[in-house]
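Chain and residue survey
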Amino acid sequence: VGGIVLFFIAVGVVTSLISGSVLFVLIKESFITGLVGLVFLSSFLRKRPIMFYFARQIGAGDDAQRLAYWDQLWERPRFRHVMRTMTMVWGVGYVVEAIARVIVALIFTPGIVVIISPVMAIGTTLALILWTRSYGRAAYERGQREAALAGTAPAA
């Protein structure tokens, strides 16, 4: 993702210098956001969606035992559903945000867009983080309740 972002920044700078288009300068970040959203969505073509790897890195770091535990979690259907849902929400969220920022750039003056665009980007990311924490916590608690009702050991 970092390489993709750097590529689009470079393309944006070069294209802006060549074209001199104010509109392109205003919407170039939307291409990056949209591409990140598409990367999330396209990860459904892989064995595990991208959110699994982000969550595993946050939850396990470089601890081999914790990494193995996270890999084992993937075998649970509910866990797979949660990871796929999170990935879908982030992908759709970023694609919608990118489209919305382009629309804003087409409708409003550049001075307004320069103010609104970063607020939209930061707001979208914060909303996605808060949603992910809430959804993940609710899924974990639901799993704990189901394990308790089934009489099985709760998941760590």
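Description of the structure in this document. (Residues numbered from 1 in each chain as written. Predicted model: local features only at pLDDT ≥ 70, side-chain atom pairs only at ≥ 80, totals over all residues. Heavy atoms only, no water.)

A look at the side chain of Arg 56
The condition that has to hold: Helix and strand definitions here come from DSSP, where helices need a minimum of 4 consecutive H or I residues and strands a minimum of 2 consecutive E residues; each element is numbered from the N-terminal end. Exposure categories follow from relative accessible area, calculated using a 1.4 Å probe and restricted to protein chains: below 20% of the type maximum is buried, above 50% is exposed, and the middle band is partly exposed. In protein, a polar contact means a hydrogen-donor-capable atom and an acceptor-capable atom, both N or O and within 3.5 Å, with residues adjacent in sequence counting only if both atoms are side-chain atoms; elsewhere, any N or O pair within 3.5 Å suffices. Every residue pair with non-hydrogen atoms within 4.5 Å of one another is taken to be in contact.
Mapped onto the elements of the fold, Arg 56 is located in helix H3 (residues 50-60). With a relative accessible area of 19%, Arg 56 lands in the buried category. In this structure the side chain of Arg 56 is engaged in a polar contact, spanning 2.6 Å, whose partner is the side chain of Asp 71. Ignoring anything within four residues of it in the chain, the contact list for Arg 56 reads Arg 48, Gly 61, Leu 67, Trp 70 and Asp 71.

Thoughts on the pattern of salt bridges
Here the idea is simple: oppositely charged side chains can pair when their charged atoms come close. To be explicit about the condition: Any Lys or Arg side-chain nitrogen located within 4 Å of an Asp or Glu carboxyl oxygen qualifies as a salt bridge.
Per the stated rule, a full pass over the model turns up five salt bridges. Two residues, Arg 101 and Glu 29, come together in a salt bridge whose shortest N-O distance is 3.5 Å. Linking Arg 101 in helix H5 (residues 77-107) with Glu 29 in helix H2 (residues 22-42), this pair joins segments that are 72 residues apart in sequence. A relative accessible area of 3% places Arg 101 in the buried class. Ionic pairing is found between Arg 56 and Asp 71, a salt bridge with its closest N-O pair at 2.6 Å. Pair noted here: Arg 56 is in helix H3 and Asp 71 is in helix H4 (residues 64-73), with a separation of 15 residues, a long-range link. With relative accessibility at 26%, the residue Asp 71 sits in the partly exposed group. Here the residues in one salt-bridge network are Glu 29, Glu 97 and Arg 101, joined through shared partners.

Structural notes on the side chain of Ser 117
By the secondary structure assignment, Ser 117 is in helix H6 (residues 110-150). Within the structure, Ser 117 has its side chain in polar contact with the side chain of Arg 101 (distance 2.9 Å).

Some details on the nonpolar core
The following threshold applies: Nine residue types can take part in a nonpolar core, namely buried Ala, Val, Leu, Ile, Met, Phe, Trp, Tyr and Cys, and a core is a set of them joined through side-chain atoms within 4.5 Å.
Trp 70, Phe 79 and Met 83 are the most contacted members of the largest nonpolar core, which totals 19 residues. Mapped onto this core, the elements with two or more residues apiece are H2, H3, H4, H5 and H6. Examining the composition of this core, we find that six residues originate from one element, H5, more than from any other. Dropping the residues within four chain positions of it, Trp 70 is found in contact with Phe 52, Ala 55, Arg 56, Gly 59, Ala 60 and Phe 79. In terms of nonpolar packing, the next biggest core, distinct from the first, is built from five residues, Leu 26, Ile 27, Val 104 and Val 113 among them.

Notes on H2
Going by this rule: Expected span of a helix: the number of residues minus one, times 1.5 Å. To get the bend at a given residue, fit one axis to the seven residues ending there, fit another to the seven starting there, and take the angle between those axes.
When the terminal C-alpha atoms of H2 are compared, their 31 Å separation across 21 residues agrees well with the 30 Å that a helix rising 1.5 Å per residue should span. Of all bends in H2, the biggest is about 30°, found at Lys 28. Those residues of H2 that fall on the buried side of the exposure criterion are Phe 24, Leu 26, Ile 27, Ser 30, Ile 32, Thr 33, Gly 34, Val 36, Gly 37 and Phe 40.

Points about the packing of H3 against H5
Defined as follows: Each axis is a line fitted through C-alpha atoms, taken for helices only over the stretch in contact, and angles between the N-to-C directions span 0 to 180 degrees. Roughly parallel refers to an angle under 35 degrees, roughly antiparallel to one over 145, roughly perpendicular to one between 65 and 115, and oblique to any angle outside these ranges.
Their axes nearest at 8 Å, the elements H3 and H5 cross at an angle of 105°. Between H3 and H5, the angle is such that the two are roughly perpendicular. The segment H3 lies against H5, with Ile 50, Met 51, Phe 52 and Ala 55 engaging Phe 79, Met 83, Met 86, Thr 87 and Trp 90.

A few points about the packing of aromatic side chains
To keep things clear, this is the line we draw: When the centres of two rings from Phe, Tyr and Trp lie within 6.5 Å, Trp using its six-membered ring, the rings pair. Their planes under 30 degrees apart give stacked, over 60 give edge-to-face, and anything left gives tilted.
Counting across every chain of the model gives 10 aromatic pairs. Centroid distance Phe 52 to Tyr 53: 5.2 Å. Interplanar angle 80°. Geometry classified as edge-to-face. Residue class for Phe 52 comes out buried when judged on its relative accessible area of 0%. Tyr 53 sits in the partly exposed class, given a relative accessible area of 31%. Consider the rings of Phe 52 and Trp 74, whose centres lie 5.3 Å apart with planes at 65°: the pair is edge-to-face. Taken together, the positions of Phe 52 in helix H3 and Trp 74 in the loop between H4 and H5 put the pair 22 residues apart, joining distant regions of the chain. Connected via pairs of aromatic rings, a cluster forms that spans Phe 52, Tyr 53, Trp 70, Trp 74 and Phe 79.

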